[in-house]
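The residues making up each chain are set out below.
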Amino acid sequence: IAKSEGGNQIQFYEARFQEEIHRKMEIERRLRKAIDREEFYLNYQPVFNGIDRTIKGVECLIRWQSPELGRVSPAEFIPIAEETGMIHAIGEWVMLEACRANKRWQDDGLMKIPVAVNLSTQQFNDGKIIERIENILKETGLDPKYLVVEITESMTMNKHHALMMLKNLKRLGVSIAIDDFGTGYSSLSYLSELPIDKLKVDQSFVKKMDTHGVNASIVHTIITMAENLKLEVIAEGVETEAEFGLLLRYGCNTMQGYLLGRPMEAAQIAEQLKLSKPTKKMRIQ
Ligand code: C2E
Ligand code: MG
Ligand code: MG
Ligand code: MG
């Protein structure tokens, strides 16, 4: 009996494994045509000033609506796009679209805010990305100070490469943010040797800050140290008023999360920017 049960287990795992491979291959196949078929679109999640709860930036997040597969999460398809090299084309589309949208908001007289774009490892390892971003800024006419490039800690592990890439990005005039901070193995002292501007505290630490003392301590420490290093700190994944209150108490005034605003369509962001502080142009009218 034991033997046959073991056999069933193995068959079960094999079936699961087959399913996973099949799903991956299916995603890869559909992904190849997704740009041309215009199946991607962008959402923008507001970044807030926690003190007056006004919008002070947005992060753009890719969305994929496949006619065959339905909605597929970037957490699932971005790694596949990375493995297959498709991330270069997809990432370039995202960057162009995000810069275009931000420039359009500005041209419409809305409040000027930076848009943050996530860069993947493959993109960051590709030296040509600098020129691509430079071209996109030129093509869209977006002032580089309104673009933030988000990278993760693991991408900075090769210090020589990271320094070269980050210096070149800074030369373009864009800002650099370290995303998901705390989940990798880099220390703040290491990061302080790189030309970065912002630190985004990973949502896993922000989660349950009010009930998990360890989480609260970690977040508090990161905020304090980042301040000393003159880095702007952004707390990600703020979902409750309790977390929000603690963050403010610890001195973190910049926040992103479902409590304050979910990722939304460009038109909805435009509405929010209209309601926010009037720009000079609007005041004159
Ligand atoms: P990320 O850059 O850390 O983005 C934050 C993720 O957390 C987003 O998930 C966002 O929807 C989610 N989030 C925001 N606030 C909350 C909250 O309060 N609670 C919870 N539970 N989640 C929250 P999303 O859009 O599914 O993206 C997942 C990841 O996929 C991103 O993590 C990023 O690493 C990657 N990604 C998304 N868009 C792009 C892109 O255009 N290019 C690249 N290379 N990666 C992308
Ligand atoms: Mg991000
Ligand atoms: Mg993040
Ligand atoms: Mg993340």
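Before reading on, note that the structure itself is shown above.
Not measured: the values here are computed from a predicted model.

**Q** Looking at this structure, how should I read the coordination of the magnesium ion (ligand 3)?
**A** Geometry reference: four tetrahedral donors at a metal, ideal angle 109.5 degrees. Six octahedral donors, ideal angles 90 or 180 degrees. Protein ligation of the magnesium ion (ligand 3) involves Asp179 (OD), Asp180 (OD), Glu236 (OE) and Glu236 (OE), the donor distances falling in the range 2.1 to 2.4 Å. In this structure the magnesium ion (ligand 2) is found 4.0 Å away from the magnesium ion (ligand 3), and Asp179 serves as a bridging donor for the pair. Judged by its relative accessible area of 27%, Asp180 is partly exposed.

**Q** What exactly am I supposed to notice about the site of ligand 1 here?
**A** Taken together, 21 residues sit near ligand 1, with Arg63, Asn118, Asp179, Glu239 and Tyr258 positioned nearest. One nitrogen or oxygen atom from the side chain of Gln45 is found 3.0 Å from a nitrogen atom belonging to ligand 1. One of the side-chain N or O atoms of Glu239 is found 2.4 Å from a nitrogen atom in ligand 1. For ligand 1, whose unbound accessible area comes to 800 Å², protein coverage reaches 82%. Looking at the shell around ligand 1, the elements that each hand over two or more residues are strand E2 (54–66), helix H2 (74–84) and strand E6 (175–181). Of all the elements, E2 adds the most residues to the shell around ligand 1, at four residues. Its residues assigned to classes, the shell around ligand 1 shows nine nonpolar, six polar and six charged.

**Q** I would appreciate a short explanation of the pairing of strand E5 (residues 147–152) in the present structure.
**A** For a regular strand, side chains alternate in direction, first toward one face of the sheet and then toward the other. Of all six residues in E5, five are buried, a share of seventy percent or more. Judged from the four bridges that link them, strand E4 (residues 115–118) and E5 form a sheet pairing that is parallel. Across the sheet, the residue bridging to Val115 is Leu147, located in E5. Pairing analysis gives five bridges linking E5 to E6, with the strands arranged parallel. Bridge pairing in E6 links Glu150 to Ala177.

**Q** Looking at this structure, I do not really get the nonpolar core. What am I missing?
**A** One broad trend across soluble globular proteins is that nonpolar side chains are buried collectively. Counting residues in each nonpolar core, the largest one holds 83 residues, and the members touching the most others are Leu31, Leu147, Leu169, Leu199 and Leu247. The greatest single-element share of this core, amounting to nine residues, is contributed by helix H3 (residues 87–107). Once residues lying within four places of it in the same chain are set aside, the contact partners of Leu169 are Phe124, Ile130, Ile133, Val149, Val174 and Ile176.

**Q** Help me understand the side chain of Ser186, please; the structure alone is not making it clear to me.
**A** Here Ser186 lies in the loop between E6 and helix H7 (188–191). For Ser186, the side chain forms a polar contact with the side chain of Glu153, separated by 2.6 Å. What Ser186 contacts, discounting residues up to four positions off in sequence, is Glu153, Met157, Phe181 and Leu191.

**Q** Explanation requested: the packing of helix H5 (residues 129–140) against helix H6 (residues 159–172) in the structure shown.
**A** Helix-helix packing is characterised by the crossing angle of the two axes and by the distance between the axes. For the pair H5 and H6, interaxial distance at closest approach is 10 Å and the crossing angle is 15 degrees. In terms of orientation, H5 lies roughly parallel with respect to H6. For the pair H5 and H6, the sense of crossing is right-handed. Each of Ile129, Ile130, Ile133 and Glu134 in H5 lies in contact with H6, whose residues at this interface are Met165, Asn168, Leu169 and Leu172.

**Q** Just to check I follow, could you spell out unusual backbone geometry for this structure?
**A** One can expect most non-glycine residues to show negative phi and most peptide bonds to be in trans. Here the phi dihedral of Glu38 falls at roughly 55 degrees; this positive angle occurs in a residue that is not glycine. Along the chain, Glu38 turns up in the loop between helix H1 (2–34) and strand E1 (40–49).

**Q** Help me understand the packing of H3 against H5, please; the structure alone is not making it clear to me.
**A** The geometry of H3 relative to H5 is characterised by a closest axis approach of 9 Å and an angle of 30 degrees between their N-to-C directions. As the angle between them shows, H3 and H5 are arranged roughly parallel. Considering only the axes of H3 and H5, their crossing is right-handed. In contact with Glu92, Met95, Leu96, Cys99, Arg100 and Lys103 of H3, H5 contributes Arg132, Ile133, Ile136, Leu137, Glu139 and Thr140. Of the residues contributing to the contact of H3 with H5, the split by class is six nonpolar, one polar and five charged.

**Q** Sorry if this is basic, but what is going on with a nonpolar patch on the surface here?
**A** Together, Phe17, Ile21 and Met25 make up a nonpolar patch on the protein surface, roughly 310 Å² of accessible area in all. Among the secondary structure elements, Ile21 is positioned in helix H1.

Cut-offs and rules
- One numbering rule holds for all chains: residues counted from 1, following each sequence as written.
- Each chain gets a letter, beginning with A, and each ligand a number, beginning with 1, in the order they are written.
- A pLDDT threshold of at least 70 governs which residues receive local features in this predicted model, and a stricter bar of 80 or more applies before side-chain atom pairs are shown or counted, although totals over entire chains, interfaces and linings include all residues.
- Values reported for side chains reflect all heavy atoms of the structure, with hydrogen atoms and water molecules removed beforehand.
- Only N, O and S atoms count as donors, using a 2.8 Å limit from the metal and a wider 3.2 Å limit for Na, K and Ca, and since water is excluded some coordination spheres may look unfilled.
- Relative accessible area decides the class of each residue, using a 1.4 Å probe on protein chains only: under 20% of the type maximum gives buried, over 50% gives exposed, and in between gives partly exposed.
- We define proximity as follows: a residue is near a molecule or strand when any one of its heavy atoms falls within 4 Å of that partner.
- The term polar contact refers here to a pair of N or O atoms within 3.5 Å; inside protein, the definition further demands a hydrogen-donor-capable atom paired with an acceptor-capable atom, and it admits residues adjacent in sequence only when both atoms are side-chain atoms.
- Computed with the Shrake-Rupley method and a 1.4 Å probe, the accessible areas treat only the protein chains shown as cover for residues.
- Per the convention used, a helix needs a DSSP run of H or I reaching at least four residues, while a strand needs a run of E reaching at least two, with both numbered from the N terminus.
- Residue polarity is assigned by list, with Asp, Glu, Lys and Arg as charged and Ala, Val, Leu, Ile, Met, Phe, Trp, Tyr, Cys and Pro as nonpolar; anything else, Gly included, falls into the polar class.
- For two strands to count as paired, DSSP must find a minimum of two bridges between them.
- Here, nonpolar core means buried Ala, Val, Leu, Ile, Met, Phe, Trp, Tyr and Cys residues that are tied together by side-chain atoms lying within 4.5 Å of each other.
- The contact rule is simple, with two residues in contact once any of their heavy atoms fall within 4.5 Å.
- Fitting a line to C-alpha atoms yields each axis, with helices limited to the stretch in contact; the angle taken between N-to-C directions then spans 0 to 180 degrees.
- Roughly parallel refers to an angle under 35 degrees, roughly antiparallel to one over 145, roughly perpendicular to one between 65 and 115, and oblique to any angle outside these ranges.
- Left-handed describes a crossing whose near helix is turned anticlockwise from the far helix by less than a right angle; the clockwise case is right-handed.
- Any residue with relative accessible area above 30% and no salt bridge may belong to a patch, with like charges joined within 9 Å and the nonpolar Val, Leu, Ile, Met, Phe, Trp and Tyr side chains within 5 Å.
- Each salt bridge in this description consists of a side-chain nitrogen of Lys or Arg and a carboxyl oxygen of Asp or Glu lying within 4 Å of one another.

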